[in-house]
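If you want the building blocks of each chain, they are given just below.
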Amino acid sequence: MTEVTRVGFIGLGIMGAPMAMNVLRAGYPLTVWNRTAAKAEPLLAAGARWADSPAEVARASDVVITIVSDTPDVEEVILGPQGIIHAARPGMVVIDMSTISPHATMRIARRLAEVGVEMLDAPVSGGDIGAREGTLSIMVGGKREVFERCLPLLQTMGKRITHVGPNGAGQFTKLVNQIIVVGNTLAMAEGLVFAAKAGLDLEKVLEAVTAGAAGSWMLSHRGPQIIQGDFRPGFTVRLQQKDVRLVLEAAREMAVPLPGTALIHQLYHAVESRGLGEEGNHALVKALEWLAGVEARVKEG
Ligand code: NAP
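Undergrad: Can you explain the overall build of the protein? Please cite residues and give values.
TA: When its secondary structure is counted, the protein shows 13 helices and nine strands. For 301 residues, the compact-globule formula gives about 19 Å, and the C-alpha radius of gyration of the protein, at 20 Å, lands near that figure. For the C-alpha atoms alone, the extent of the protein along its principal axes is close to 65 × 45 × 35 Å. Buried positions account for 52% of the 301 residues belonging to the protein. Taking the intrachain contacts of the protein between residues at least 6 apart in sequence as the baseline, contacts between residues at least 24 apart amount to 66%. Roughly 13300 Å² of accessible area belongs to the protein as shown, and the carbon and sulfur atoms make up 56% of that amount.

This is the structure in structure tokens:
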């Protein structure tokens, strides 16, 4: 991939907007579309061009990146009435960086292949912080040759970029990632609620345990937020729950019991049912707090 590769970007949410900015800053000519047009303004001010639909983005681009919410949303922007597929040309590449169903990904890739378009599934991990800093982990499924061609572009958004197998393998790997992420979140939540009930100084507890074997990205980044009562989303409960649902669906299809993840799904249900779906995924702690009758906050601890 050379510097003249024209890049299209569809989906300018919490993740997509900063990722697109990093692509633009790396010097790629960038065309963008977002369902809510206002979110494109900072990118347009920085030199990106607007297109009126996903198909129009594709018409202006050699590689089109999508990062929208869920499986039906990716199907909509790629295969829908205004979708990328209507501007398909042999040699064009679609890189879907959303987290969606691995099986649907394989179907979309096959559909695109019929019109000569290559696809990579390249979901990410590292949160809004990784998206801004260009340090995401990117797990990529698709042909190795296409992966290698797109690597310089992916390197503008991520640090650890791993080709894990054919189409679908990127999404399966992301679901592995999510099983571990939600497990870490529950462990952090139980630890902090336990600490609060024991009357410990929560800042000191975090300082002590983050550097040891209990340390994790979740604990370092979201632990301090929890004890300060900051539940602004880097990743919403709503989308976290979507990922847990994708994990459990794939696990059921493969007959893999995941009792821990199923429990966490129910706890997130409790958080959602109290209207907190737009809070950050660390709001899982609230389900444990309700059970224990204590809040793991510095001011109230
Ligand atoms: P977000 O802030 O809610 O953004 C979602 C984006 O998708 C918005 O641009 C939204 O458009 C667009 N969208 C949703 N449905 C659409 C549809 N049917 N047609 C067209 N556009 C549609 O979510 P996010 O946090 O950026 O997450 C995006 C993806 O990245 C998800 O698959 C998520 O699981 C994954 N992810 C997120 C994180 C994280 O920490 N946030 C980390 C790793 C992976 P509007 O602006 O019009 O709503």
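Undergrad: Residue-level account of the site of the ligand, with values.
TA: Taken together, 27 residues lie near the ligand, and Asn34, Thr36, Lys39, Ser69 and Lys242 sit nearest. Residue Leu12 places a main-chain N or O atom 3.1 Å away from an oxygen atom belonging to the ligand. A distance of 2.8 Å is found between a nitrogen atom of the ligand and a backbone nitrogen or oxygen belonging to Gly234. Isolated, the ligand exposes 890 Å² of accessible area, and the fraction of that covered by the protein chains is 90%. At the level of elements, helix 4 (71-79), helix 6 (127-133) and helix 11 (237-254) are the ones that each hand at least two residues to the shell around the ligand. Partitioning the shell around the ligand into residue classes produces 10 nonpolar, nine polar and eight charged. Here the shell around the ligand spans two domains, since at least three of its residues come from each of domain 1 (7-166) and domain 2 (173-292).

Undergrad: Quick rundown of the nonpolar core? Include the residues and the values.
TA: In globular proteins that are soluble, nonpolar side chains generally tend to be buried together. Core analysis: the largest hydrophobic core is formed by 35 residues, its most contacted members being Phe9, Met19, Leu30, Ile95, Met97, Ile138 and Met157. Listed by contribution, the elements that provide at least two residues to this core are strand 1 (7-10), helix 1 (16-25), strand 2 (30-33), strand 4 (63-66), strand 5 (93-96), strand 8 (136-141) and helix 7 (144-154). Ignoring any residue separated from it by four or fewer positions in sequence, one finds Met97 in contact with Met19, Ile65, Thr66, Ile67, Ala122, Pro123, Val124, Ile138, Leu154 and Met157. In terms of nonpolar packing, the next biggest core, distinct from the first, is built from 31 residues, Met188, Ala195, Leu267 and Leu288 among them.

Undergrad: So what about the side chain of Thr236? Which residues, and what values?
TA: Along the chain, Thr236 falls in the loop between helix 10 (217-228) and helix 11. Residue classification places Thr236 among the buried positions, given a relative accessible area of 6%. Beyond its immediate sequence surroundings of up to four residues, Thr236 is in contact with Gly277, Glu278, Glu279, Gly280 and Asn281.

Undergrad: An account of the packing of aromatic side chains is needed here, citing residue identities and associated values.
TA: Evaluation of the coordinates by the stated rule reveals zero aromatic pairs. The ring of Trp290 is capped by Arg274, whose NZ or CZ atom sits 3.9 Å from the centre of that ring. The side chain of Lys286 reaches across the aromatic face of Phe231, ending 4.2 Å from its centre.

Undergrad: Can you lay out helix 7 for me, pointing to particular residues and giving the numbers?
TA: Val146, Phe147, Cys150, Leu153 and Leu154 are the residues of helix 7 that are buried. Taken end-on, helix 7 shows its buried residues confined to a sector of 100°, consistent with a single buried face.

Undergrad: Account for the domain arrangement of the protein, with residues named and values stated.
TA: You can read the domains of the protein as domain 1 (7-166) and domain 2 (173-292). With centres defined by C-alpha atoms, the gap from domain 1 to domain 2 works out at 28 Å. Contacts between the two partners involve 17 residues from domain 1, matched on the other side by 15 residues from domain 2. Taken over both partners, the interface formed by domain 1 and domain 2 buries close to 1300 Å², and the fraction arising from carbon and sulfur atoms is 61%. Counting the contacts that link domain 1 with domain 2 gives seven residue pairs in polar contact (both at pLDDT 80 or more). The set of elements that each furnish at least two residues to the side of domain 1 that touches domain 2 consists of helix 5 (102-114), strand 7 (124-125) and helix 6. Of the residues in the side of domain 1 that touches domain 2, the class split is eight nonpolar, seven polar and two charged.

Undergrad: An account of helix 4 is needed here, citing residue identities and associated values.
TA: Within helix 4, burial applies to Thr71, Val74, Val77 and Ile78. Projection of helix 4 onto a plane perpendicular to its axis shows the buried side chains occupying an angular sector of 135°, all on one side.

Undergrad: Provide a residue-level description of the pairing of strand 1, including the pertinent values.
TA: Side-chain alternation along strand 1 places Val7 and Phe9 on one buried face and Gly8 and Ile10 on a second face that is also buried. Bridge count for strand 1 against strand 2 is four bridges, and the pairing is parallel. Its bridge partner lying in strand 2, Val7 is registered against Leu30. The parallel pair strand 1 and strand 2, bridged by helix 1, forms a crossover whose chirality is right-handed. One ladder, built from four bridges, connects strand 1 with strand 4; its direction is parallel. Looking at strand 4, one finds that Gly8 is bridged to Val64.

Calculation criteria
Residues numbered from 1 in each chain as written. Predicted model: local features only at pLDDT ≥ 70, side-chain atom pairs only at ≥ 80, totals over all residues. Heavy atoms only, no water. Helix = DSSP H or I, 4+ residues; strand = E, 2+ residues; numbered from the N terminus. Rg over C-alpha atoms; globule rule 2.2 N^0.38 Å. Buried < 20%, exposed > 50% of the residue type's maximum accessible area, 1.4 Å probe, protein only. Contact = heavy atoms within 4.5 Å. Areas by Shrake-Rupley, 256 points an atom, 1.4 Å probe, with all protein chains shown as cover. Near = heavy atom within 4 Å. Polar contact = N/O pair within 3.5 Å; in protein donor to acceptor, adjacent residues only side chain to side chain. Nonpolar A, V, L, I, M, F, W, Y, C, P; charged D, E, K, R; others polar. Domains from an automatic or database assignment. Core = buried A, V, L, I, M, F, W, Y, C linked by side-chain atoms within 4.5 Å. Phe/Tyr/Trp six-rings, centres within 6.5 Å; stacked < 30°, edge-to-face > 60°. Lys NZ or Arg CZ within 6 Å of the ring centre and 35° of its normal. Arc of directions from axis to C-beta. Buried area = accessible area lost by both parts, 1.4 Å probe. Pairing = 2+ DSSP bridges. Right-handed = clockwise from strand over helix to strand, strands pointing away.

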